[in-house]
Amino acid sequence: MARVTIDGHTIEVPDGTTIVEAARKIGGDIVPPTMCYYSTLKTSGGYCRTCLVKVTKGSDKDPRPMPKLVVGCRQTVMDGMEVQNITSPEVLEAREGVVEFLLLNHPLDCPVCDQAGECDLQDLSYGHGDEGTRTEFRRRTFPMRNIGDKIKLHMNRCIMCYRCVKVAEQLCPERVHGVLNRGWDAEISTYIEKAIDNEWSGNMIDVCPVGALTDKTFRFKSRVWFTKPLDAHRDCDVCCGRVALWVSGDAVLRVTGRKGVYHEIENTEDGKPGWICNTCRFEKKNLSDWVIEGPRHIDRHSVISQNHYEQLKQLKQDLSRQKLIGEKAHNN
Amino acid sequence: MATNKEIKFSDDALALIEKIIKRYPEGKHKSAILPILHIAQAEFDGWLSPEVMDYVASVLKIQPIEVYEVATFYTMFNLKPVGKCLIEVCHTGPCWLMGAEDVVRYIEKKLGIKNGETTADGMFTLKTVECLASCGTAPMMQIGETYHENLTLEKVDTILEEHRNAGVRRTHWEKEKIKS
Amino acid sequence: MGRQLLLDNLDKPGINTLNGYQETGGYESLRKALQMKPEDIVAEVQKSGLRGRGGAGFPTGMKWSFLAKPPGEPRYLICNADESEPGTFKDRYLMQRKPHILIEGMIISSFALGANTSFIYIRGEMMYVYHILQKAIDEAYAAGYLGKNILGSGFDLDLHVHCGAGAYICGEETALLESLEGKRGNPRIKPPFPAVKGLWGCPTVVNNVETIAAVVPIIRITGEEYAKIGIGKSTGTKLISASGHINKPGVYEIELGVPVEEFIYSEQYCGGIRNGKKLKAVVAGGSSVPVLPAELILKTANGEPRLMTYESLAEGGFATGTMLGSGGFIVMDEDTSVVKNVWNFSRFYHHESCGQCSPCREGTGWMYKILSRLLDGKGETKDIDLLWDIQRKIEGKTICPFGDAAAWPVAAAIRHFRSEFEQYIKNGKSDVKHYYRINNLQEI
Ligand SMILES: Cc1cc2nc3c(=O)[nH]c(=O)nc-3n(C[C@H](O)[C@H](O)[C@H](O)COP(=O)(O)O)c2cc1C
Ligand code: SF4
Ligand code: SF4
Ligand code: FES
Ligand code: FES
């Protein structure tokens, strides 16, 4: 076991736990935001850099601070480690930078995006971004693509979190989509539009933190906040059959996995992630296909509370003052 | 165009590929992908069509997407047809201090093409590339496996003339080096 | 000229062949090494003070001592011959002219580390050098220096050369490993480090060509003798790739500690600035390290002569110093626009980013666009601050050091040449007349 202190909260966790997982055990404001990490996908995390934190004390054995900010989703804790997240101006500033980078080429088309209202990037930029954009350059654009006949890829919105690739690698035996090209031009693609007919491919939609992968069978262009989520299940011989139904009146608009507090698919009783199959997701669009369990409680702001924004704002103001002073000193 | 021909490696190429795959431990044959794609470019008209990439996937027994992912990452793989003679002019800092822009502009004017284009006769394609580790002999360019260094405009004339007269396709892994 | 431990006998005809190399004492170090215990070779390298010649300057002996040795698991030695850092061309020069020194170094180092399969990863553009190395390897097999039971020692080694295909990032050691595994060259997230989990998950050492070649003379003259060359922690000789506006560009083997001024102006080395021009600035260690103006590259901020050592070049931190890096020494004369130069480098980093992590993928492109706009005469004063802010938000926040490498040149150009940026903004161009032409060419 290792004792770790994050923003003044101490907790004991098993060896090998990451800083983000330890913080999630503590809960509340001190949990670093994550865009690419997904606890149930192996080797996820490390790409987006939103979870950067500062390790002010490495461990009891070696108390030296770590020289650079580290990604909380990959860095494992050591006994006696001390970490700063929202108590470090340096971390908040770095995160603001990351948010700006993630938004640099993002189309900001929230008004027409299916994900609006349940988009991690929207939450993140609200909580951690700077006001206004500083880029006047044309944003990068890609053509719209189909990944099979049920999934649409709006690559312009993609933040290259690699989650969908990990789903394809780890859930689907024959991967047909992946990352093409390099750097600025890198994109998720199938190169030639190959159909994805794997039973599990639809889970890509659920892991996508933004509105880049969407369900083509989502029948009405309806805002998620107008639809009413219900927990429901059916007897499925492929998957666990436990889903969230998004209904309006009698109509099932779409079917998704059940997302929990960090917007990850919840585990089922057997402790395994409740991934759902494409039949449940795309084919079962009648209420009569399902046994309704009851309304689903969606707590969008359990991670980032309103109060948190105010705190952050204050910290940021302090920070920009410091920055000005620092920069003056630097330029002299 | 390659599309109508049957896509199949020559016997020499297959023998070489088999030799290369043996360098890597059992089950790690995917490691051979970069050399094999170079050989594929040499065998199939200097570029990698989707059909050629699918064929390479079948030779290596991996998924086609794994080949696409790799082929689109590395700049030496041409995903569109190129001229017989791909002229790669280095335009990074040190070469550029020594007149790389002159070389590019001169070739553009001489051949009547822009960077990235191919001449109508399919002979030349011009492409600017990043530092080729020949900065002490700048400006420089590469055609096939050959480095042409300390370029002057006269030198460029001579080199292009020689290639036009020879009329053979040049690739990074030169075709004659596939035979062993 | 100081001692030549790597480039000696370079003009001897046939030095690129096994016989020619052997006639100058080639493979004698191997014979000597095979009589030693592997751990004694590691100790010898530790004593020599040899530091990695690929850019980071990490002590080689220490790196070797970190290699995990779980029983029953293979270990690998990989030679990094990706040499793509702009301004650096020493590895190609050495491999092309004297391939067997690398092969000999690989055999000795593999023996020291207990690796029975080793690879040389060479960038694909250097395909002709790939074939040179392959031929040298074939010769070495035929002579019994490779394969089973090398020279009766009981040590087996298979050595292969592997080619890349155009990606600067594959010089980063974990991207190189991914590439060698047949994947995209995406750097790995560390830890784990290669010494624990490297190629195919096995313990691995990655070393630069020059580092491995230097093991040959170290075994020949002993680590102690090697350490006597140079100053302080900068021991031995170093290959410097000199390019740009100098009279004698090329690769020079220097004893570490030569004054920078001597290196630039003496006839032994660069022979001064061409066309009788004045020196304006130098990028001393490959495109990634901070550019320094003439007064700071020749003398430190304290007024002491700057020396070609790891420590002296770094004297003053980034405020007034730079780094030895890979030894890519790029010289710019008075007619050079530093802004244009950093624009060129920023295009390079934008082009070469692997795109995995957001600060580097987005930030490098953003900086390139701002600099392009500035050169177009459409810049504004706030662009300088914006550039400064962007590079700061990239530096130290990325998966691999590429982010730093992309940020530092921009930071240094602003730090030391801010007024030149301001000129572009004010006049739409620089007062510096820049002459990026083939020498003495007027018209096309
Ligand atoms: C972006 C980037 C590019 C690099 N390119 C090279 C290279 O071309 N050659 C090289 O030897 N090392 C390169 N390195 C350094 C390697 O990661 C590694 O440190 C080196 O190969 C270790 O060898 P050494 O200890 O012998 O120097 C690069 C590092 C980075 C971050
Ligand atoms: S499509 Fe979505 S899940 Fe896939 S990489 Fe892009 S943002 Fe991530
Ligand atoms: S810093 Fe750049 S090159 Fe390195 S992993 Fe991130 S995106 Fe790739
Ligand atoms: S969530 Fe940790 S880097 Fe993306
Ligand atoms: S800059 Fe052209 S070869 Fe290095």
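In every chain, residue numbers begin from 1 and rise along the written sequence. Each chain is given a letter, starting from A, and each ligand a number, starting from 1, according to the order in which they appear as written. Local features in this predicted model are restricted to residues whose pLDDT is 70 or higher, and side-chain atom pairs enter the listing and the counts only when it is 80 or higher, whereas totals over whole chains, interfaces and linings include all residues. In computing side-chain properties, one takes all heavy atoms of the structure into account and sets aside hydrogens as well as water.

## Examining the site of ligand 3
Worth spelling out the cut-off: Proximity criterion: a residue is near a molecule or strand once any of its heavy atoms comes within 4 Å of it. In the scheme used here, Gly and all other residues not listed as nonpolar or charged are polar, with Ala, Val, Leu, Ile, Met, Phe, Trp, Tyr, Cys and Pro taken as nonpolar and Asp, Glu, Lys and Arg as charged.
Around ligand 3, the structure places 13 residues, and the nearest of them are Cys-354, Cys-357, Cys-360, Thr-398 and Cys-400 of chain C. For the shell around ligand 3, the residue count by class is eight nonpolar, five polar and no charged.

## Considerations on a nonpolar patch on the surface
Our working rule: To count toward a patch, a residue needs a relative accessible area over 30% and no salt bridge; like charges are then connected within 9 Å, while nonpolar side chains (Val, Leu, Ile, Met, Phe, Trp, Tyr) are connected within 5 Å. Method for areas: the Shrake-Rupley scheme with a 1.4 Å probe, in which residue coverage is limited to the protein chains shown. Any carboxyl oxygen of Asp or Glu that lies within 4 Å of a side-chain nitrogen of Lys or Arg is treated as forming a salt bridge with it. By definition, any uninterrupted DSSP run of H or I lasting at least four residues is a helix, any uninterrupted run of E lasting at least two residues is a strand, and each is numbered from the N terminus.
A cluster of nonpolar residues, Phe-58, Met-62 and Phe-66 of chain C, forms a patch on the protein surface that exposes about 280 Å² of accessible area. As for its placement among the helices and strands, Phe-66 of chain C is situated in the loop between helix H4 (60-65) and strand S1 (76-81).

## Description of the sheet that holds strand S2 (residues 9-13) of chain A
Residues and elements named next belong to chain A. For clarity, the threshold we go by: Think of it this way: DSSP has to see at least two bridges between two strands before they count as a pair. Contact definition: two residues touch when any of their heavy atoms are within 4.5 Å. Axes here mean lines fitted to C-alpha atoms, for a helix over just the part in contact, with angles spanning 0 to 180 degrees between N-to-C directions.
With respect to topology, five strands assemble into an open sheet ordered S2-S1-S5-S3-S4, the strand pairing being mixed. Strands with a single pairing partner mark the edges of an open sheet, and in this sheet they are S2 and strand S4 (70-71). Examined bridge by bridge, strand S3 (residues 52-57) and S4 share two bridges and lie antiparallel to one another. Counterpart to Leu-52 in the pairing with S4 is Val-71. Strand contacts of helix H1 (residues 19-26): strand S1 (2-6), S2, S3, S4 and strand S5 (81-84), with the helix running at about 115° to S2, the strand carrying the most contacts. Packed onto the sheet, helix H2 (residues 89-104) meets S3 and S5 and runs at close to 160° relative to S3.

## A closer look at the site of ligand 1
Residues and elements named next belong to chain C. Under the convention used in this document: Nitrogen and oxygen atoms within 3.5 Å of one another constitute a polar contact, given that in protein one can donate a hydrogen and the other can accept it, and given that sequence-neighbouring residues count only through two side-chain atoms.
In the neighbourhood of ligand 1, 19 residues make up the surrounding shell, with Gly-54, Asn-80, Asn-207, Asn-208 and Thr-211 lying closest. In the environment of ligand 1, an oxygen atom lies 3.0 Å from a nitrogen or oxygen atom belonging to the backbone of Glu-173. When isolated, ligand 1 has an accessible area of 610 Å², and the protein chains bury 89% of it. For the shell around ligand 1, the leading source of residues is strand S4 (residues 204-208), giving three residues. For the shell around ligand 1, the class distribution of residues is five nonpolar, eight polar and six charged.

## A word on the domain arrangement of chain A
Residues and elements named next belong to chain A. Rules: For the domains described, the bounds stem from an automatic or database domain assignment. When two parts are brought into contact, each loses some accessible area as probed by a 1.4 Å sphere; the total of that loss over both is the buried area.
Taken as a whole, chain A is organised into domain 1 (2-100), domain 2 (103-133 + 140-215) and domain 3 (224-311). Residue-level contacts link 23 residues of domain 2 with 26 residues of domain 3. Between domain 2 and domain 3 lies a buried interface of about 2,100 Å² when both sides are counted; carbon and sulfur atoms form 50% of it. If you sort the residues of domain 2 by the area they bury against domain 3, Glu-118, Glu-199 and Asp-206 come out on top, with a joint share of 28%. Applying the counting rule to domain 2 against domain 3 returns three salt bridges. Here Lys-150 makes a salt bridge to Glu-283, at a shortest N to O gap of 3.8 Å. Inspection of the domain 2/domain 3 interface yields 13 residue pairs in polar contact (both at pLDDT 80 or more). Within the residue set of the side of domain 2 that touches domain 3, elements represented by two or more residues are helix H3 (120-128) and helix H5 (203-207). A breakdown of the residues in the side of domain 2 that touches domain 3 according to their chemical character gives eight nonpolar, seven polar and eight charged.

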